[in-house]
Amino acid sequence: MTMNQQGLTRRTFFKGAGLGAAALAATGLVAGCAPQAAAPADSAEALAGTGSAAGWRTAPEPIADDAIAEVLECDVAVLGLSYAGASAARAAAEAGATVVCMEQQAEGARTFVGQGNFGHINSEFLKSRGVPAVDELEFFNNWQLRSGNRSNAALVRRYCRELGSAFDWYIDGLTEDEKATLTVQFFPTDPSYTVEKNRIQTWPGCVGTAEYQDKLIAGMVQTAVANGGTALWETTVQQLVQDESGAVVGAIGQRADGSYVKVSASKGVIVCLGDFSANAEMCNDLLTQVTSLIPEDGAIVGMGQTGAGVQVCYWAGARLDPYQATMGGDYYYPCDAPTDPLGSSSPLWLNADGKRYCNEGFGCVELAAMQGATQPQGTFCAIFDDDVETLLKAQGAWHMGMDWPNTGFEALRASMAAAVANGAAGSLGEGGDAGSSTEGGEAVDKATLAGANIFAADSYETLGTYLGYEGEALENFVASIERYNELCEAGVDDDFGKESSLMFPIKTPPFYGYAGEKELGIMLVNGAGVLIDEHGQVLGEDYRPISGLFAVGNTAGSRFGAQYSTPVAGSSVAFAITQGRFTGDYVASL
Ligand SMILES: Cc1cc2nc3c(=O)[nH]c(=O)nc-3n(C[C@H](O)[C@H](O)[C@H](O)COP(=O)(O)OP(=O)(O)OC[C@H]3O[C@@H](n4cnc5c(N)ncnc54)[C@H](O)[C@@H]3O)c2cc1C
């Protein structure tokens, strides 16, 4: 089968991240977890041990005392100052501890990995917006179900309890006018919306904070400094310091001028240095769930950090999380781009042979799309009809969702209209990926269109041809749509068990479709760091806490199981901030 369209895949998105981010911002379509800016990915080389022949697992020689230019004393050392670190530093300071922080970036020139979408339940903020309260235990059990019960239950239970108040705490640095500009994604839901999708639940409660995250994170660091702490900017963490018993008692960083600074911490060191998705050596070593799906010469690509946090913890004796949670990389669904036009809804999915292969609404995009990983290599497509609003209103309020209550359907409708006008060229027009398109003869800026090239036709066969199907695959394509329509009308998906509230026949012309070539190995970040307990204390070889060592955010594992799949979108930032708060508070209390 040949392809005659160019969808915006994760890979092309990563190659042209600027264009993708701009298009995304312009459409406002994809919410929950959308790109803003990549963090610097050049600190791996600066880390002793990284990239050496012995590999990242070999601890470097300890930096000698006589090489240290400066020593600082504190109660709590916090390494890394993003969501996790800034929260831990603030909480520790609020609990009365003196805090010294190290961050490799310059104070006035920060970038953040994520877009700050903070998914949560039961905050005063959500209450003030009329979002219904959620049963905490139901939420907790749902989390454990999604992780296959691989998350640390005590840790996640505590997280569920403190999640709502952590959000209120996080935004308390905003003025009332600023708070008024925050939106609750996917809310208000349509009356037809069901919380439970195929026995797995999902709740609205994700709030976009991107506009204010610079201010909020700077404010949290400022709290630590105002309470007698110090923030060492442009200081790259190199090693932890351990005493004879193995307890972690400090950390050593390298300043921009090459000199070393040592921080001695009497209560503990909290490592918040993010993930290792930008370190190919570590990805290949640790993410075997992904590497076993991609070709031998295939690459694993991520947008996170270079692994310093996991490295220093591992060298100090930490156990690695065996469950390898990534945010992508091991699943595929049609398009699979941060700008998927249909968000996280469940249209009909067909594989390269034109066959339906799974329940498209199983739990959420990440879980449903696991089935795609082992389908034949080639083109996958999503098919829907003109009643796209009904399809999207049933979408789960989870990761990659389309925030239609706040953005409306106009951008998607513009794409669909362009698809109708452009026929075989699709919504993006001739060339398919840049410039402008035509909609009824008028030029349309492609940046306002949803990411994939959408095709439209009045017959299934023509649509299949536009999407690139031919021969037997085209016959299967038509038969699969007809079969899907029969199942929708019967009200029972006898083929794959998709629940009837997510089954919409492809009956109202024009019919639409978009496609993408299966790609694996591309993730946003990974969240499988080192094992921790419910306080955030890092576990050693014997599964007992290592004295003095804590991890928060993506340096920590024990949170997501085998894949990032959570009951509310934006749970990665939410975990970093909520756990940062309770871990900082705990360490200060020691
Ligand atoms: C494009 C994109 C969009 C996303 N959007 C969302 C979203 O909206 N909501 C959500 O929940 N999740 C989102 N995520 C995931 C989320 O951004 C991360 O999971 C989150 O940033 C983790 O926070 P963290 O504080 O643990 O680590 P990070 O945010 O990665 O921060 C680590 C910090 O440590 C510093 N650092 C690293 N190494 C060193 C070193 N050696 N020395 C000193 N400092 C160092 C870094 O500079 C950084 O400040 C997104 C991810 C991507 C890639």
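Here the structure is a predicted model, which means the values were calculated and not measured. (Residues numbered from 1 in each chain as written. Predicted model: local features only at pLDDT ≥ 70, side-chain atom pairs only at ≥ 80, totals over all residues. Heavy atoms only, no water.)

### Brief notes about the overall build of the protein chain
Looking only at helices and strands, the protein chain has 18 helices and 20 strands in total. Considering the protein chain as a whole, with its 590 residues, one finds that 62% of them fall into the buried category. Taking the contacts inside the protein chain whose residues are at least 6 apart along the sequence as the reference set, 77% of them involve residues at least 24 apart. With an accessible surface of roughly 20800 Å², the protein chain has 50% of that area assigned to carbon and sulfur atoms. (Helix = DSSP H or I, 4+ residues; strand = E, 2+ residues; numbered from the N terminus. Buried < 20%, exposed > 50% of the residue type's maximum accessible area, 1.4 Å probe, protein only. Contact = heavy atoms within 4.5 Å. Areas by Shrake-Rupley, 256 points an atom, 1.4 Å probe, with all protein chains shown as cover.)

### Some words on the environment of D385
Position of D385 relative to the elements: it lies in the loop between β13 (379-384) and α13 (388-393). Taking relative accessible area as the criterion, D385 reaches 7% and is therefore assigned buried. Once the C-alpha coordinates of D385 and Y512 are considered, the two residues, 127 residues apart in sequence, prove to be 5.6 Å apart. Excluding its chain neighbours within four sequence positions, the residues that come into contact with D385 are M416, P505, I506, K507, T508, P510, F511 and Y512. For D385, the side chain forms a polar contact with the main-chain nitrogen of D387, separated by 2.9 Å. (Polar contact = N/O pair within 3.5 Å; in protein donor to acceptor, adjacent residues only side chain to side chain.)

### A few points about the pairing of strand β17 (residues 511-517)
Judged by how many residues are buried, β17 sits mostly within the fold: six of seven residues are covered. Two elements, β13 and β17, share six bridges in a ladder whose sense is antiparallel. Its bridge partner being in β17, C381 is matched across the sheet by A515. (Pairing = 2+ DSSP bridges.)

### Quick word on the site of the ligand
Around the ligand lies a shell of 35 residues, among which E103, V237, N554, S572 and V573 are the nearest. Between the ligand and the protein, one listed contact pairs an oxygen atom with a side-chain N or O atom of E103 at 2.6 Å. A distance of 3.2 Å separates an oxygen atom of the ligand from a polar atom in the backbone of G114. Here the ligand loses 99% of its free accessible area of 1000 Å² to cover by the protein chains. Those elements that place two or more of their residues in the shell around the ligand are α3 (83-94), β8 (235-242), β18 (523-526) and α18 (571-588). Considered class by class, the residues forming the shell around the ligand number 15 nonpolar, 18 polar and two charged. (Near = heavy atom within 4 Å. Nonpolar A, V, L, I, M, F, W, Y, C, P; charged D, E, K, R; others polar.)

### Things to note about the pattern of salt bridges
For side chains bearing opposite charge, pairing can occur when the charged atoms are close. Overall, the coordinates contain 18 salt bridges when judged by the stated rule. Here R255 makes a salt bridge to E70, at a shortest N to O gap of 3.0 Å. Placement of R255 in strand β9 (residues 248-255) and of E70 in strand β1 (residues 68-79) is noted, with a sequence separation of 185 residues between them. According to the relative accessible area criterion, E70 is partly exposed, its value standing at 33%. In the salt-bridge network here, residues are joined through shared partners; they are R356, E360, D493 and K498. (Salt bridge = Lys/Arg side-chain N within 4 Å of Asp/Glu carboxyl O.)

### Focus: the sheet that holds strand β12 (residues 348-350)
In space, the four strands of this open sheet follow the order β12-β13-β17-β16, with antiparallel pairing throughout. Among the strands making up the open sheet, the edge pair consists of β12 and β16 (455-457). In this sheet, adjacent strand axes meet at a mean angle of 25 degrees when their direction is disregarded. Summarising the sheet, β12 and β13 pair through three bridges and their orientation is antiparallel. Bridge pairing links L348 to I383 in β13. On top of the sheet, helix α15 (residues 410-422) reaches β13, β16 and β17; it is set at about 60 degrees to β16, its chief contact. (Axes fitted to C-alpha atoms, helices over the stretch in contact; angles between N-to-C directions.)

### Some thoughts on the packing of aromatic side chains
Any aromatic ring pair is given by two values, namely how distant the centres are and how the planes are angled relative to each other. Tallied over the full model, the rule gives 24 aromatic pairs. Measuring from ring centre to ring centre gives 5.7 Å for W404 and F409, while their planes differ by 15 degrees; the resulting arrangement is stacked. Neither W404 nor F409 differs from the other in exposure class; each is buried. On the basis of an interplanar angle of 75 degrees and a centroid distance of 6.1 Å, the ring pair of F560 and F575 is categorised as edge-to-face. Here F560, found in the loop between β20 (545-551) and α18, pairs with F575, found in helix α18; they are 15 residues apart in sequence, far enough to count as distant. You'll find F560 and F575 in the same group, each marked buried. A cation over an aromatic ring shows up here: K197 above the ring of Y193, its NZ or CZ 4.4 Å from the ring centre. (Phe/Tyr/Trp six-rings, centres within 6.5 Å; stacked < 30°, edge-to-face > 60°. Lys NZ or Arg CZ within 6 Å of the ring centre and 35° of its normal.)

### Thoughts on the packing of α3 against α18
It is the contact of α3 with α18, at a shortest axis distance of 7 Å, that shows an interaxial angle of 30 degrees. When the axis of α3 is compared with that of α18, the two are roughly parallel. Classified by chirality, the crossing of α18 by α3 is right-handed. Contacts between α3 and α18 pair Y83, A84, S87, A88, A91 and A92 from the former with V573, A576, I577, G580, R581, G584, D585 and A588 from the latter. (Parallel < 35°, antiparallel > 145°, perpendicular 65-115°, else oblique. Left-handed = near helix turned anticlockwise from the far one by under 90°.)

### Quick word on the side chain of E360
One can find E360 in the loop between β12 and α12 (365-368). The buried category is assigned to E360, whose relative accessible area is 2%. Discounting chain neighbours no more than four positions away, the residues touching E360 are S346, P347, L348, W349, A368, Y484 and K498.

### Some details on the packing of helix α6 (residues 153-170) against α18
Where α6 contacts α18, the axes come no closer than 8 Å and their chain directions differ by 90 degrees. It follows from the interaxial angle that α6 and α18 lie roughly perpendicular. In this structure, α6 uses L155, V156, R158, Y159, E162, L163, S165, A166, W169 and Y170 to contact α18, whose residues at the interface are S571, A574, F575, I577, T578, Q579, R581 and F582. Partitioning the contact of α6 with α18 into residue classes produces eleven nonpolar, four polar and three charged.

### Some thoughts on the confidence of the model for the protein chain
Averaged over every residue, the pLDDT of the protein chain is 89; the share at 70 or more is 87%. Contacts from residues 1-8, a stretch scored under 50 in pLDDT, to residues over four places away or in other chains number 36 contacts. (pLDDT = per-residue confidence, 0-100.)

### Some thoughts on the pairing of β9
Bridge count for β8 against β9 is seven bridges, and the pairing is antiparallel. Note that in β9 the partner of L240 across the bridge is A251. As paired elements, β9 and strand β10 (residues 260-271) share five bridges and run antiparallel to each other. Among the inter-strand pairings, Q254 is bridged to a residue of β10, identified as Y260. Between β9 and β10, which pair antiparallel and follow one another directly, the connecting turn spans four residues, one of which, G258, has a positive phi of 95 degrees.

### Re the side chain of E499
Mapped onto the fold, E499 is located in the loop between α17 (471-490) and β17. In this structure E499 is buried but unpaired, with K197 as the nearest side chain of opposite charge at 5.5 Å. A distance of 2.6 Å separates a polar atom in the side chain of E499 from the backbone nitrogen of N198. (Lys, Arg positive; Asp, Glu negative; His and termini not counted.)

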